[in-house]
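Notes for the structure review
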2 protein chains.
Amino acid sequence: MQNSEAMALSAALLAAAGELVRRIHEGVAARGFEGVRPVHGFAFARLAPDGATVTELAAHLGVTKQAASQLVEEMVRRGYAERRPHPVDARARLVVLTEQGWACARAAEEAAAEAVRGWSEVLGEGDLRLLWERLARIAPDGPIRPGW
Amino acid sequence: MQNSEAMALSAALLAAAGELVRRIHEGVAARGFEGVRPVHGFAFARLAPDGATVTELAAHLGVTKQAASQLVEEMVRRGYAERRPHPVDARARLVVLTEQGWACARAAEEAAAEAVRGWSEVLGEGDLRLLWERLARIAPDGPIRPGW
DNA sequence: CTGGATAGTCAAGCTACTTGACCATATGGT
DNA sequence: ACCATATGGTCAAGTAGCTTGACTATCCAG
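Sequence positions are assigned chain by chain, starting from 1 and proceeding in written order. Here chains are named by letter from A upward and ligands by number from 1 upward, in the order in which they appear as written. Under the rules for a predicted model, residues below a pLDDT of 70 receive no local features and side-chain atom pairs below 80 are neither given nor counted, while totals for whole chains, interfaces and linings still include all residues.

**Comments concerning the relation of the copies chain B and chain A**
Aligned on chain A, chain B shows an RMSD of 0.1 Å; the corresponding rotation is 180 degrees and the shift along the axis is 0.0 Å. Such values leave the two copies arranged in the relation of a two-fold axis. Rotation axis and chain B: the residue whose C-alpha lies nearest the axis is B:Gly147, separated from it by 1.5 Å. Of all interface residues in chain B, 100% are interface residues in chain A too; the two copies therefore contact each other through one and the same surface. When the copies are superposed, the least-squares fit draws on C-alpha atoms of residues that have pLDDT of at least 70 in both. By definition, residue pairs are in contact when their C-beta atoms, positioned from the backbone, come within 7 Å.

**Points about the UniProt feature "domain: HTH marR-type" (unreviewed entry) in chain A**
Under the UniProt annotation, the feature "domain: HTH marR-type" (unreviewed entry) is placed at residues 1-140 of chain A. Labels follow the DSSP assignment, with helices taken as runs of H or I lasting at least four residues and strands as runs of E lasting at least two, numbered in each case from the N terminus. Secondary structure within residues 1-140 of chain A divides into 70% helix and 7% strand; the distance between the first and last C-alpha atoms comes to 23 Å. UniProt positions are given in the numbering used here, feature names are shortened, and annotations may be inferred rather than shown by experiment.

**A closer look at the protein's contact with DNA strand D**
Close contacts around DNA strand D come from 23 residues, with A:Thr53, A:Thr55, A:Ala92, B:Ala67 and B:Ala90 the closest. Looking at the surface near DNA strand D, the elements with two or more residues in it are α3 (54-61) and α4 (65-77) of chain A together with α4 (65-77) of chain B. Considering only residue class, the surface near DNA strand D consists of 9 nonpolar, 7 polar and 7 charged. Using the backbone to place each C-beta atom, any residue with that atom within 6 Å of a molecule or strand is considered near it. Under this grouping Gly is polar, as are all residues other than the nonpolar Ala, Val, Leu, Ile, Met, Phe, Trp, Tyr, Cys and Pro and the charged Asp, Glu, Lys and Arg.

**Quick look at the environment of B:Ile138**
Here B:Ile138 is to be found in helix α6 (residues 125-138). Spatially, the C-alpha atoms of B:Ile138 and B:Leu14 are 15 Å apart, while their sequence positions differ by 124 residues. Not counting the four nearest positions on each side in its chain, B:Ile138 is found in contact with A:Ala16, A:Trp119 and A:Val122.

**Side note on the packing of helix α1 (residues 3-30) of chain A against helix α1 (residues 3-30) of chain B**
Here α1(A) crosses α1(B) at 135 degrees, and the two axes come no closer than 9 Å. What the angle tells us is that α1(A) and α1(B) run oblique. Of the two elements, α1(A) crosses α1(B), and the hand of that crossing is left-handed. Seen from α1(A), the contacting residues are A:Ser10, A:Leu13, A:Leu14, A:Ala16, A:Ala17, A:Leu20 and A:Ile24; seen from α1(B), they are B:Ser10, B:Leu13, B:Leu14, B:Ala16, B:Ala17, B:Leu20 and B:Ile24. Along the lines of polarity and charge, the residues of the contact of α1(A) with α1(B) split into 12 nonpolar, 2 polar and no charged. Only the contacting stretch of a helix is used when fitting its axis, a line to C-alpha atoms as for every element, and angles between N-to-C directions run 0 to 180 degrees. If an angle is under 35 degrees, it is roughly parallel; if it is over 145, roughly antiparallel; if it lies from 65 to 115, roughly perpendicular; otherwise it is oblique. Here a crossing is called left-handed whenever its near helix is offset anticlockwise from the far helix by less than a right angle, and right-handed whenever the offset is clockwise.

**Examining the protein's contact with DNA strand C**
If you check the shell around DNA strand C, you find 23 residues, and the closest are A:Ala90, A:Pro146, B:Thr53, B:Thr55 and B:Ala92. Looking at the surface near DNA strand C, the elements that each hand over two or more residues are α4 of chain A together with α3 (54-61) and α4 of chain B. Its residues placed into classes, the surface near DNA strand C shows 9 nonpolar, 7 polar and 7 charged.

**Some points on the interface of chain B and chain A**
Taken together, the 51 residues of chain B in the interface contact 51 residues of chain A. Of all the secondary structure elements, the ones that give two or more residues to the side of chain B that touches chain A are α1, α2 (38-47), α5 (99-123) and α6 of chain B. The leading source of residues in the side of chain B that touches chain A is α1(B), at 18 residues. The class makeup of the residues in the side of chain B that touches chain A is 35 nonpolar, 8 polar and 8 charged.

**Here we look at unusual backbone geometry**
The backbone of A:Asp141 shows a phi angle near 65 degrees, a positive value even though the residue is not glycine. Note that A:Asp141 resides in the segment after α6 (125-138).

**With respect to the packing of α1(A) against α6(B)**
Between α1(A) and α6(B), the shortest axis-to-axis distance is 8 Å and the interhelical angle comes to 45 degrees. The angle between α1(A) and α6(B) falls in the class oblique. Crossing angle aside, the handedness with which α1(A) passes α6(B) is left-handed. Contacts between α1(A) and α6(B) pair A:Leu9, A:Ala12, A:Leu13 and A:Ala16 from the former with B:Trp132, B:Leu135, B:Ala136 and B:Ile138 from the latter. Taken together, the residues of the contact of α1(A) with α6(B) break down into 8 nonpolar, no polar and no charged.

Printed below as a string of C-alpha coordinates:
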(Lines give C-alpha, C1' and ligand atoms only; values in the text may rest on other atoms or scores of the structure.)
Protein backbone atom coordinates (compact mmCIF):
# COMPACT_ATOMS: atom_id res chain seq x y z
CA MET A 1 0.00 0.00 0.00
CA GLN A 2 1.35 3.40 -0.97
CA ASN A 3 2.27 5.94 1.67
CA SER A 4 -0.38 8.40 0.57
CA GLU A 5 -2.99 5.66 0.73
CA ALA A 6 -1.95 4.79 4.27
CA MET A 7 -2.37 8.45 5.20
CA ALA A 8 -5.82 8.51 3.62
CA LEU A 9 -6.81 5.38 5.49
CA SER A 10 -5.57 6.98 8.70
CA ALA A 11 -7.59 10.09 8.03
CA ALA A 12 -10.69 8.00 7.37
CA LEU A 13 -10.20 6.11 10.61
CA LEU A 14 -9.70 9.28 12.59
CA ALA A 15 -12.71 10.93 10.98
CA ALA A 16 -14.92 7.95 11.73
CA ALA A 17 -13.73 7.84 15.33
CA GLY A 18 -14.32 11.54 15.82
CA GLU A 19 -17.75 11.33 14.28
CA LEU A 20 -18.66 8.39 16.49
CA VAL A 21 -17.54 10.12 19.67
CA ARG A 22 -19.45 13.23 18.70
CA ARG A 23 -22.65 11.28 18.12
CA ILE A 24 -22.37 9.27 21.32
CA HIS A 25 -21.80 12.45 23.25
CA GLU A 26 -24.83 14.09 21.70
CA GLY A 27 -26.93 11.00 22.31
CA VAL A 28 -25.97 10.83 25.97
CA ALA A 29 -26.69 14.53 26.43
CA ALA A 30 -30.04 14.09 24.68
CA ARG A 31 -30.93 11.45 27.26
CA GLY A 32 -30.53 14.00 30.02
CA PHE A 33 -26.96 13.39 31.15
CA GLU A 34 -25.56 16.77 30.36
CA GLY A 35 -22.17 17.69 31.72
CA VAL A 36 -20.87 14.21 31.03
CA ARG A 37 -17.87 14.10 28.73
CA PRO A 38 -17.25 11.39 26.16
CA VAL A 39 -14.48 9.88 28.21
CA HIS A 40 -16.96 9.11 30.97
CA GLY A 41 -18.86 6.71 28.77
CA PHE A 42 -15.78 4.61 28.22
CA ALA A 43 -14.90 4.83 31.87
CA PHE A 44 -18.39 3.52 32.65
CA ALA A 45 -17.82 0.65 30.29
CA ARG A 46 -14.74 -0.37 32.23
CA LEU A 47 -16.37 0.04 35.62
CA ALA A 48 -19.63 -1.60 34.66
CA PRO A 49 -19.11 -5.32 35.24
CA ASP A 50 -17.50 -5.48 38.65
CA GLY A 51 -15.93 -2.12 39.29
CA ALA A 52 -12.24 -1.33 38.91
CA THR A 53 -9.41 0.36 40.71
CA VAL A 54 -8.16 3.78 39.73
CA THR A 55 -5.00 2.25 38.34
CA GLU A 56 -6.92 -0.20 36.16
CA LEU A 57 -9.08 2.63 34.90
CA ALA A 58 -6.01 4.69 34.12
CA ALA A 59 -4.57 1.83 32.07
CA HIS A 60 -7.85 1.37 30.24
CA LEU A 61 -8.00 5.05 29.32
CA GLY A 62 -4.30 5.45 28.63
CA VAL A 63 -3.84 8.34 31.05
CA THR A 64 -1.97 8.82 34.31
CA LYS A 65 -3.54 7.49 37.45
CA GLN A 66 -3.79 11.06 38.72
CA ALA A 67 -5.99 11.92 35.75
CA ALA A 68 -8.06 8.80 36.33
CA SER A 69 -8.35 9.72 40.00
CA GLN A 70 -9.64 13.17 39.08
CA LEU A 71 -12.10 11.60 36.69
CA VAL A 72 -13.37 9.29 39.42
CA GLU A 73 -13.60 12.22 41.82
CA GLU A 74 -15.78 14.02 39.32
CA MET A 75 -17.96 10.98 38.76
CA VAL A 76 -18.40 10.54 42.50
CA ARG A 77 -19.27 14.22 42.90
CA ARG A 78 -21.92 13.89 40.21
CA GLY A 79 -23.32 10.76 41.79
CA TYR A 80 -22.35 8.29 39.07
CA ALA A 81 -19.87 6.25 41.06
CA GLU A 82 -18.64 5.59 44.57
CA ARG A 83 -15.42 4.44 46.14
CA ARG A 84 -15.45 1.30 48.23
CA PRO A 85 -12.70 -0.41 50.15
CA HIS A 86 -11.01 -3.03 48.06
CA PRO A 87 -11.86 -6.55 49.24
CA VAL A 88 -8.31 -7.89 49.24
CA ASP A 89 -5.94 -4.92 48.96
CA ALA A 90 -6.17 -2.30 51.68
CA ARG A 91 -4.20 0.20 49.58
CA ALA A 92 -6.64 0.07 46.72
CA ARG A 93 -10.20 1.29 46.46
CA LEU A 94 -12.79 -0.34 44.26
CA VAL A 95 -14.71 2.18 42.18
CA VAL A 96 -18.21 0.98 41.36
CA LEU A 97 -21.14 2.54 39.55
CA THR A 98 -24.18 3.82 41.39
CA GLU A 99 -27.67 3.28 40.05
CA GLN A 100 -27.41 6.59 38.22
CA GLY A 101 -24.07 5.47 36.89
CA TRP A 102 -25.67 2.37 35.44
CA ALA A 103 -28.37 4.51 33.88
CA CYS A 104 -25.76 6.71 32.24
CA ALA A 105 -23.81 3.69 31.05
CA ARG A 106 -26.96 2.33 29.44
CA ALA A 107 -27.58 5.73 27.83
CA ALA A 108 -24.08 5.67 26.38
CA GLU A 109 -24.67 2.19 24.98
CA GLU A 110 -27.94 3.26 23.45
CA ALA A 111 -26.31 6.30 21.90
CA ALA A 112 -23.51 4.15 20.52
CA ALA A 113 -26.04 1.72 19.10
CA GLU A 114 -27.90 4.61 17.52
CA ALA A 115 -24.76 5.95 15.88
CA VAL A 116 -23.71 2.52 14.69
CA ARG A 117 -27.16 1.86 13.31
CA GLY A 118 -26.61 4.67 10.81
CA TRP A 119 -23.46 2.91 9.64
CA SER A 120 -25.33 -0.35 9.41
CA GLU A 121 -27.67 1.27 6.92
CA VAL A 122 -24.72 2.28 4.77
CA LEU A 123 -22.65 -0.88 5.03
CA GLY A 124 -25.16 -3.54 5.92
CA GLU A 125 -25.12 -5.52 9.14
CA GLY A 126 -22.76 -8.19 7.83
CA ASP A 127 -20.10 -5.78 6.62
CA LEU A 128 -20.37 -3.82 9.84
CA ARG A 129 -19.63 -6.92 11.87
CA LEU A 130 -16.67 -7.64 9.64
CA LEU A 131 -15.46 -4.09 10.23
CA TRP A 132 -15.74 -4.65 13.95
CA GLU A 133 -13.97 -7.97 13.83
CA ARG A 134 -11.06 -6.47 11.90
CA LEU A 135 -10.75 -3.45 14.13
CA ALA A 136 -10.71 -5.74 17.15
CA ARG A 137 -7.86 -7.69 15.63
CA ILE A 138 -5.89 -4.52 14.99
CA ALA A 139 -5.85 -3.13 18.50
CA PRO A 140 -7.00 -5.73 20.98
CA ASP A 141 -7.31 -4.38 24.52
CA GLY A 142 -5.64 -1.13 23.54
CA PRO A 143 -6.28 1.94 25.69
CA ILE A 144 -9.10 4.34 24.81
CA ARG A 145 -7.11 7.53 24.97
CA PRO A 146 -8.90 10.84 25.36
CA GLY A 147 -7.47 12.92 22.59
CA TRP A 148 -4.16 12.83 20.78
CA MET B 1 -26.84 -5.16 16.71
CA GLN B 2 -27.08 -5.13 20.49
CA ASN B 3 -26.23 -2.02 22.47
CA SER B 4 -23.30 -3.64 24.22
CA GLU B 5 -21.93 -4.80 20.88
CA ALA B 6 -22.16 -1.27 19.54
CA MET B 7 -20.18 -0.06 22.53
CA ALA B 8 -17.56 -2.73 21.99
CA LEU B 9 -17.28 -1.78 18.33
CA SER B 10 -16.88 1.84 19.37
CA ALA B 11 -14.16 0.93 21.82
CA ALA B 12 -12.36 -1.06 19.15
CA LEU B 13 -12.55 1.85 16.74
CA LEU B 14 -11.25 4.28 19.32
CA ALA B 15 -8.47 1.94 20.37
CA ALA B 16 -7.36 1.45 16.77
CA ALA B 17 -7.42 5.18 16.13
CA GLY B 18 -5.42 5.91 19.27
CA GLU B 19 -2.91 3.24 18.46
CA LEU B 20 -2.50 4.56 14.94
CA VAL B 21 -1.94 8.11 16.08
CA ARG B 22 0.57 6.97 18.65
CA ARG B 23 2.54 5.01 16.07
CA ILE B 24 2.54 7.78 13.51
CA HIS B 25 3.72 10.21 16.15
CA GLU B 26 6.53 7.91 17.18
CA GLY B 27 7.50 7.29 13.57
CA VAL B 28 7.67 10.99 12.79
CA ALA B 29 9.73 11.64 15.91
CA ALA B 30 12.05 8.76 15.00
CA ARG B 31 12.69 10.46 11.66
CA GLY B 32 14.05 13.49 13.44
CA PHE B 33 11.00 15.74 13.63
CA GLU B 34 10.66 15.96 17.36
CA GLY B 35 8.36 18.55 18.83
CA VAL B 36 5.80 17.95 16.13
CA ARG B 37 2.41 16.89 17.45
CA PRO B 38 0.16 14.38 15.73
CA VAL B 39 -2.25 17.04 14.63
CA HIS B 40 0.52 18.60 12.54
CA GLY B 41 0.70 15.56 10.32
CA PHE B 42 -2.92 15.88 9.37
CA ALA B 43 -2.54 19.60 8.92
CA PHE B 44 0.33 18.88 6.53
CA ALA B 45 -1.86 16.49 4.61
CA ARG B 46 -4.38 19.25 4.03
CA LEU B 47 -1.76 21.86 3.12
CA ALA B 48 0.28 19.57 0.93
CA PRO B 49 -1.31 19.76 -2.50
CA ASP B 50 -1.77 23.48 -3.05
CA GLY B 51 -1.81 25.07 0.36
CA ALA B 52 -4.90 26.19 2.20
CA THR B 53 -6.30 29.11 4.11
CA VAL B 54 -6.52 29.13 7.87
CA THR B 55 -10.28 28.79 7.68
CA GLU B 56 -10.08 25.76 5.41
CA LEU B 57 -7.56 24.18 7.76
CA ALA B 58 -9.83 24.87 10.71
CA ALA B 59 -12.71 23.11 8.98
CA HIS B 60 -10.50 20.16 8.10
CA LEU B 61 -9.37 19.77 11.70
CA GLY B 62 -12.72 20.54 13.25
CA VAL B 63 -11.40 23.34 15.44
CA THR B 64 -11.93 27.09 15.61
CA LYS B 65 -10.05 29.24 13.16
CA GLN B 66 -8.22 30.79 16.09
CA ALA B 67 -6.87 27.38 17.04
CA ALA B 68 -5.92 26.74 13.41
CA SER B 69 -4.24 30.13 13.28
CA GLN B 70 -2.18 29.28 16.35
CA LEU B 71 -1.25 25.97 14.80
CA VAL B 72 -0.10 27.72 11.63
CA GLU B 73 1.84 30.25 13.68
CA GLU B 74 3.66 27.39 15.37
CA MET B 75 4.37 25.67 12.07
CA VAL B 76 5.74 28.90 10.63
CA ARG B 77 7.91 29.46 13.68
CA ARG B 78 9.35 25.97 13.31
CA GLY B 79 10.00 26.49 9.62
CA TYR B 80 7.46 24.01 8.29
CA ALA B 81 5.13 26.45 6.58
CA GLU B 82 4.87 30.03 5.43
CA ARG B 83 2.09 32.49 4.88
CA ARG B 84 1.67 33.96 1.42
CA PRO B 85 -0.79 36.50 0.13
CA HIS B 86 -3.83 34.81 -1.30
CA PRO B 87 -3.91 35.11 -5.08
CA VAL B 88 -7.52 36.23 -5.38
CA ASP B 89 -8.69 37.26 -1.89
CA ALA B 90 -6.78 40.04 -0.17
CA ARG B 91 -8.31 39.17 3.18
CA ALA B 92 -7.07 35.62 3.12
CA ARG B 93 -3.56 34.24 3.30
CA LEU B 94 -2.47 31.04 1.64
CA VAL B 95 -0.53 28.78 3.97
CA VAL B 96 1.93 26.60 2.08
CA LEU B 97 4.54 24.08 3.16
CA THR B 98 8.24 24.87 3.05
CA GLU B 99 10.76 22.29 1.88
CA GLN B 100 11.12 21.16 5.48
CA GLY B 101 7.35 20.99 5.71
CA TRP B 102 7.26 18.65 2.75
CA ALA B 103 9.94 16.52 4.35
CA CYS B 104 7.90 16.25 7.52
CA ALA B 105 4.76 15.46 5.55
CA ARG B 106 6.60 12.65 3.80
CA ALA B 107 7.86 11.40 7.15
CA ALA B 108 4.29 11.33 8.44
CA GLU B 109 3.17 9.36 5.40
CA GLU B 110 6.00 6.90 5.84
CA ALA B 111 5.14 6.49 9.50
CA ALA B 112 1.49 5.95 8.65
CA ALA B 113 2.44 3.38 6.01
CA GLU B 114 4.65 1.64 8.53
CA ALA B 115 1.86 1.44 11.08
CA VAL B 116 -0.64 0.28 8.50
CA ARG B 117 1.78 -2.34 7.23
CA GLY B 118 1.53 -4.05 10.59
CA TRP B 119 -2.22 -4.24 10.15
CA SER B 120 -1.78 -5.56 6.66
CA GLU B 121 0.12 -8.48 8.09
CA VAL B 122 -2.77 -9.27 10.40
CA LEU B 123 -5.65 -8.70 8.03
CA GLY B 124 -4.12 -9.13 4.62
CA GLU B 125 -3.90 -6.40 2.00
CA GLY B 126 -7.33 -7.11 0.56
CA ASP B 127 -9.20 -6.96 3.83
CA LEU B 128 -7.30 -3.83 4.78
CA ARG B 129 -8.47 -2.09 1.63
CA LEU B 130 -12.01 -3.17 2.37
CA LEU B 131 -11.65 -1.74 5.85
CA TRP B 132 -10.50 1.54 4.36
CA GLU B 133 -13.28 1.61 1.83
CA ARG B 134 -15.90 1.07 4.53
CA LEU B 135 -14.44 3.63 6.87
CA ALA B 136 -14.42 6.13 4.03
CA ARG B 137 -18.09 5.49 3.42
CA ILE B 138 -18.89 6.01 7.09
CA ALA B 139 -17.39 9.45 7.52
CA PRO B 140 -16.61 10.98 4.14
CA ASP B 141 -14.81 14.30 4.42
CA GLY B 142 -15.37 14.44 8.15
CA PRO B 143 -13.08 16.62 10.23
CA ILE B 144 -9.97 15.13 11.85
CA ARG B 145 -10.58 16.38 15.35
CA PRO B 146 -7.68 16.59 17.78
CA GLY B 147 -9.07 14.84 20.83
CA TRP B 148 -12.55 14.35 22.16
C1' DC C 1 -21.73 53.40 -1.43
C1' DT C 2 -23.27 51.11 2.14
C1' DG C 3 -24.48 47.18 5.26
C1' DG C 4 -23.57 42.72 6.33
C1' DA C 5 -20.65 38.63 5.78
C1' DT C 6 -16.11 36.59 5.85
C1' DA C 7 -10.68 36.00 6.64
C1' DG C 8 -7.54 36.61 10.04
C1' DT C 9 -5.35 37.93 14.39
C1' DC C 10 -4.80 39.38 19.34
C1' DA C 11 -5.93 38.66 24.01
C1' DA C 12 -7.75 36.31 27.84
C1' DG C 13 -9.68 32.32 30.03
C1' DC C 14 -10.61 27.57 30.87
C1' DT C 15 -10.17 22.67 31.26
C1' DA C 16 -8.32 18.38 31.18
C1' DC C 17 -4.29 16.67 31.31
C1' DT C 18 0.66 16.36 33.14
C1' DT C 19 4.70 16.08 36.53
C1' DG C 20 6.26 15.96 41.27
C1' DA C 21 5.75 14.95 46.05
C1' DC C 22 3.87 12.41 49.46
C1' DC C 23 1.60 8.65 52.56
C1' DA C 24 -0.27 3.92 53.25
C1' DT C 25 -0.02 -0.71 52.28
C1' DA C 26 1.85 -4.82 50.03
C1' DT C 27 5.58 -7.95 48.75
C1' DG C 28 9.79 -10.45 48.85
C1' DG C 29 14.55 -11.31 50.16
C1' DT C 30 17.54 -12.19 54.14
C1' DA D 1 10.67 -10.61 61.90
C1' DC D 2 12.54 -6.88 59.45
C1' DC D 3 13.74 -3.89 56.07
C1' DA D 4 13.98 -2.40 51.08
C1' DT D 5 11.47 -1.70 47.36
C1' DA D 6 7.28 -1.66 44.65
C1' DT D 7 2.55 -0.37 44.16
C1' DG D 8 -2.22 2.14 44.93
C1' DG D 9 -3.96 6.49 45.73
C1' DT D 10 -4.29 11.45 46.46
C1' DC D 11 -2.87 16.45 46.84
C1' DA D 12 -0.84 20.30 44.67
C1' DA D 13 0.99 22.91 41.03
C1' DG D 14 2.05 23.63 36.28
C1' DT D 15 0.89 23.58 31.42
C1' DA D 16 -0.62 22.85 26.63
C1' DG D 17 -4.09 23.45 23.54
C1' DC D 18 -8.21 24.57 22.99
C1' DT D 19 -12.18 28.07 23.58
C1' DT D 20 -14.83 32.64 23.55
C1' DG D 21 -14.77 37.51 22.75
C1' DA D 22 -13.28 41.59 20.44
C1' DC D 23 -11.34 43.79 16.72
C1' DT D 24 -9.56 45.15 11.81
C1' DA D 25 -9.37 44.46 6.83
C1' DT D 26 -11.57 43.04 2.82
C1' DC D 27 -15.28 41.20 -0.04
C1' DC D 28 -19.77 41.42 -2.18
C1' DA D 29 -24.81 42.11 -2.96
C1' DG D 30 -28.26 45.49 -3.62
